[in-house]
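Listed below are the residues making up each chain.
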Amino acid sequence: MAKGKLKKKPEYTSSVSGVAQASQKEMTLQEECFSLIAALTLVVAVCVVPLTAEISPSGLSHHKHKALKMDEAILTVNNELNAEVVVSWVSERCYRCLYQQLGVLPAALNPGQPSSANYVMSTQHEITLQLISATVNKELCTVPFHFGEHGNYSLWVKNLNNSSVVNCSVVTDERPVNSYIPILVAFLIFAGLALASAIGTKIFGLDVVKGILFRISSSMETERLINSELGSPSRTVSLVADNILPPAPNPSKRLRSLDTFRGLSLVMMVFVNYGGGRYWFFRHESWNGLTVADLVFPWFVFIMGTSVALSINSMLRTGATRLSLLRKVAWRSVQLFAIGVFIINPNYCQGPLSWDNLRIPGVLQRLAWSYLAVACLDLLVARGHLDILTTSVSAPQEAWWSPGLDVLLYWPAWLCVLVLEVVWLCLTFLLPVPDCPTGYLGPGGIGDMGQYTNCTGGAAALIDRWLLGESHIYQTPSSRVIYSTGMPHDPEGVLGSINSILMAFLGLQAGKIILHYRDLHTSIISRFLIWGLLLGVISAILTKCSTDQGFIPVNKNLWSLSYVTTLACFAFVLLVLVYYTVDVKRWWSGAPFYYPGMNSILVYVGHEVFEEYFPFRWTMANSQSHAEHLTQNLVATSCWVFISYMLYRKKIFWKI
């Protein structure tokens, strides 16, 4: 099994030149301020957030809430009709789904004595209730309603004024709790800490404060020199004043915005992997659509492609051969794949790992394939010296096609990516799938009115089962939550790897823009925004601006083409914001996300390996509380941010 290397090394550098270096003193002050803020964050998260349990209205009884779990409510259905009533339900997020039966209510015993039954309802999404007369099989009414967590509701079914018209109405007997208060409190706490950090950095940057600190440090240094042997004339002592002078400009300065973007994606990924407080929007979407959890992995793939462009260019400029770089890329890909399969395989939860239940696809495996493909494509076309592009942009007379040179110069790589996309389209929409419609992109299960129960994932799932075997792919996909699917489906499967390569390649294009237009911030930002607009238009066409009714819906489980174009659009826009605030205007140092971005592999692998250990997890007093889960997940995520910060201070980076 491949082993990573822990390295102590000087300040990490890359190939991007022309970015002015901030003064060392200001960076030191920011790091010291962040160190204090990080420690306070952990203390506050542990001590304060548990106190912010979901608050319910005062004076109300909660004896019925004790049996309820998170995201559940009690519904009492009262039937005053003289006929049996069948009660069914369907989630608003379930597209073209069959109604699921809740139960059958007998006819009313006597006038004024309705029959009743209690049901536990989900509160995550709006639900439509359907009531059908069991005797004549006729729909009586449908009631759309969004239940609140731990609420107590009554549904009354009765005739109005002894007529044949049936009235169905929902009454709130006991108000629900507000399960979103812990998120609000946590946000205010972290926002307050961020504001305190910004104010502290601003105060320490004032000339008056700098002067006071300088006089204090000079006085202490002078006294130390007098009282120590370092004051000997034979010794050469660095003056304290040297520390406040800005270092010499470094022509090869690493862009902090890229590490900040990577760290932001990674921190979000760690948080949602730990549970995200068990809120539905911090979990993956059941099928079509997006949640917060669906954003982070594609962004990580995107910024990996950007880093590939910068690192390969840097190594080519230092004289490395393409063959040596290819060997390095291949070895790194093998290590990533091996770590994903043998160290953080999710099937460990089912007992000792064996070939019988070994899941072959996974997050690091997908990263390995994407990295290998994109790095090989870049090695095919990469150039060590790109000055010709920079000068052509500023030339007084330029060809009409010169604004697209950052794409045209690499047409062989673009051609390869387009061929891969044609392969994806052909396999997805033309490959016959037994007992399923050709080109099926649905979830199966109860979706599509239950016509294609075992067709989950269409061609993508068929290819995974054929190449890898049904026991070697993900057994509990997110589609089972709403669509009640029974077929295994892997969101990191073989066919979706083609589109992850496209995502990484779009990130590579962002890196090419940075290289070709270095020092030209306006050109970089404008091209990022143009790419974001172009990809957004493509997404709008593919999806018809809808969740389920487009040509190719946005779908994380399939890594559909529209999913990639949509997330790449978001990535370009977000990168513009981070690049502008961190590297252009320097309003933000990138902390705290910059630090995990510098140690991304260690943080990702570490958070998976130590997930079940304290302080990342502990026994809860109430495991059905969003507040306690949110506390635990925020503390665990904050711990990894703090660990990455301490490793950064020690100049320890884990690279493979």
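Residues numbered from 1 in each chain as written. Predicted model: local features only at pLDDT ≥ 70, side-chain atom pairs only at ≥ 80, totals over all residues. Heavy atoms only, no water.

A word on the packing of aromatic side chains. Overall, the coordinates contain 32 aromatic pairs when judged by the stated rule. Judged by centre distance (5.7 Å) and plane angle (55°), the rings of Phe-528 and Phe-572 are tilted. Linking Phe-528 in helix H14 (residues 521-543) with Phe-572 in helix H15 (residues 561-584), this pair joins segments that are 44 residues apart in sequence. With a relative accessible area of 0%, Phe-528 lands in the buried category. A relative accessible area of 0% places Phe-572 in the buried class. Taken together, the aromatic side chains of Phe-261, Trp-299, Phe-302, Trp-414, Phe-505, Phe-528, Trp-531 and Phe-572 make up a single cluster linked through ring pairs. Its guanidinium or amino end placed over the ring of Tyr-410, Lys-512 lies 4.5 Å from that ring's centre, counting from NZ or CZ. (Phe/Tyr/Trp six-rings, centres within 6.5 Å; stacked < 30°, edge-to-face > 60°. Helix = DSSP H or I, 4+ residues; strand = E, 2+ residues; numbered from the N terminus. Buried < 20%, exposed > 50% of the residue type's maximum accessible area, 1.4 Å probe, protein only. Lys NZ or Arg CZ within 6 Å of the ring centre and 35° of its normal.)

Moving on, we come to the nonpolar core. Counting 113 residues, the largest nonpolar core has Phe-302, Met-503, Leu-506 and Phe-528 as the members making the most contacts within it. With 14 residues, H15 is the largest single contributor of residues to this core. Excluding residues that lie within four positions of it along the chain, Phe-528 makes contacts with Ala-510, Ile-513, Ile-514, Phe-572, Leu-575 and Val-576. One finds Leu-75, Val-85, Leu-105 and Leu-129 within the second-largest nonpolar core, a separate group that totals 20 residues. (Core = buried A, V, L, I, M, F, W, Y, C linked by side-chain atoms within 4.5 Å. Contact = heavy atoms within 4.5 Å.)

Enumeration according to the criterion identifies three disulfides in this entry. A disulfide bridge connects Cys-94 with Cys-97, and the sulfur atoms are separated by 1.8 Å. Taking the torsion about the sulfur-sulfur bond, which here is approximately -75°, the covalent link between Cys-94 and Cys-97 counts as left-handed. This pair shows no difference in class: Cys-94 is buried, exactly as Cys-97 is. There is a disulfide in this structure between Cys-436 and Cys-455, and the S-S distance comes to 1.9 Å. With the S-S dihedral at roughly -95°, the linkage between Cys-436 and Cys-455 falls on the left-handed side. In this pair, Cys-436 sits in the loop between helix H10 (411-430) and helix H11 (459-467) while Cys-455 sits in the loop between H10 and H11, placing the two residues 19 residues apart along the sequence. Cys-455 shares its class with Cys-436; the two are buried. By sequence order of its bonded cysteines, the chain has the disulfide arrangement 1-2, 3-4, 5-6. (Disulfide = S-S within 2.5 Å.)

Spatial ordering of the open sheet is given by E5-E2-E8-E9, a layout of four strands whose pairing is mixed. If you trace the sheet from one side to the other, it starts and ends with strand E5 (115-122) and strand E9 (166-174), each paired once. Strand after strand, the sheet turns through a mean of 20° between neighbouring axes, direction not considered. Two elements, strand E2 (residues 72-79) and E5, share eight bridges in a ladder whose sense is antiparallel. (Pairing = 2+ DSSP bridges. Axes fitted to C-alpha atoms, helices over the stretch in contact; angles between N-to-C directions.)

Quick look at H10 now. An ideal rise of 1.5 Å per residue puts 28 Å on 20 residues; H10 measures up with 27 Å between its terminal C-alpha atoms. Turning to H10, its buried residues number three or more, namely Ala-413, Trp-414, Val-417, Glu-421, Trp-424 and Thr-428. Projected onto a plane normal to the axis of H10, the buried residues spread over an arc of 100° and lie on a single side. In H10, those exposed residues whose orientation departs by more than 90 degrees from the buried face are Trp-411 and Leu-430. Summarising the contacts, the buried residues of H10 are in contact with helix H7 (363-381), helix H9 (405-408), H11, helix H13 (496-516), H14 and H15. (Expected span 1.5 Å × (residues − 1). Arc of directions from axis to C-beta.)

So, about the pattern of salt bridges. In the structure shown here, the tally under the stated rule is nine salt bridges. Measuring nitrogen to oxygen at the nearest pair gives 2.6 Å for the salt bridge that ties Asp-490 to Arg-359. Of this pair, Asp-490 sits in the loop between helix H12 (479-483) and H13 while Arg-359 sits in the loop between helix H6 (322-342) and H7, and the two are 131 residues apart along the sequence. A single burial state applies to Asp-490 and to Arg-359, both of which are buried. With a shortest N-O distance of 3.1 Å, Lys-556 and Glu-492 are connected by a salt bridge. Taken together, the positions of Lys-556 in the loop between H14 and H15 and Glu-492 in the loop between H12 and H13 put the pair 64 residues apart, joining distant regions of the chain. (Salt bridge = Lys/Arg side-chain N within 4 Å of Asp/Glu carboxyl O.)

This next bit is on a nonpolar patch on the surface. A grouping of Leu-195, Ile-199, Ile-203 and Leu-206 is seen on the molecular surface, where their side chains present a nonpolar patch of about 370 Å² in accessible area. Positionally, Ile-203 belongs in helix H2 (residues 181-204). The class for Ile-203 is partly exposed, based on a relative accessible area of 42%. (Patch = residues over 30% accessible without salt bridge, like charges linked within 9 Å, V, L, I, M, F, W, Y side chains within 5 Å. Areas by Shrake-Rupley, 256 points an atom, 1.4 Å probe, with all protein chains shown as cover.)

Relative to the assigned elements, Arg-366 resides in helix H7. Although Arg-366 is buried, it makes no salt bridge; Glu-492 carries the closest opposite charge, 5.5 Å away. Within the structure, Arg-366 has its side chain in polar contact with the side chain of Ser-497 (distance 3.2 Å). Aside from chain neighbours lying at most four places away, what touches Arg-366 is Phe-297, Pro-491, Glu-492, Gly-493, Gly-496, Ser-497, Ser-500 and Trp-559. (Lys, Arg positive; Asp, Glu negative; His and termini not counted. Polar contact = N/O pair within 3.5 Å; in protein donor to acceptor, adjacent residues only side chain to side chain.)

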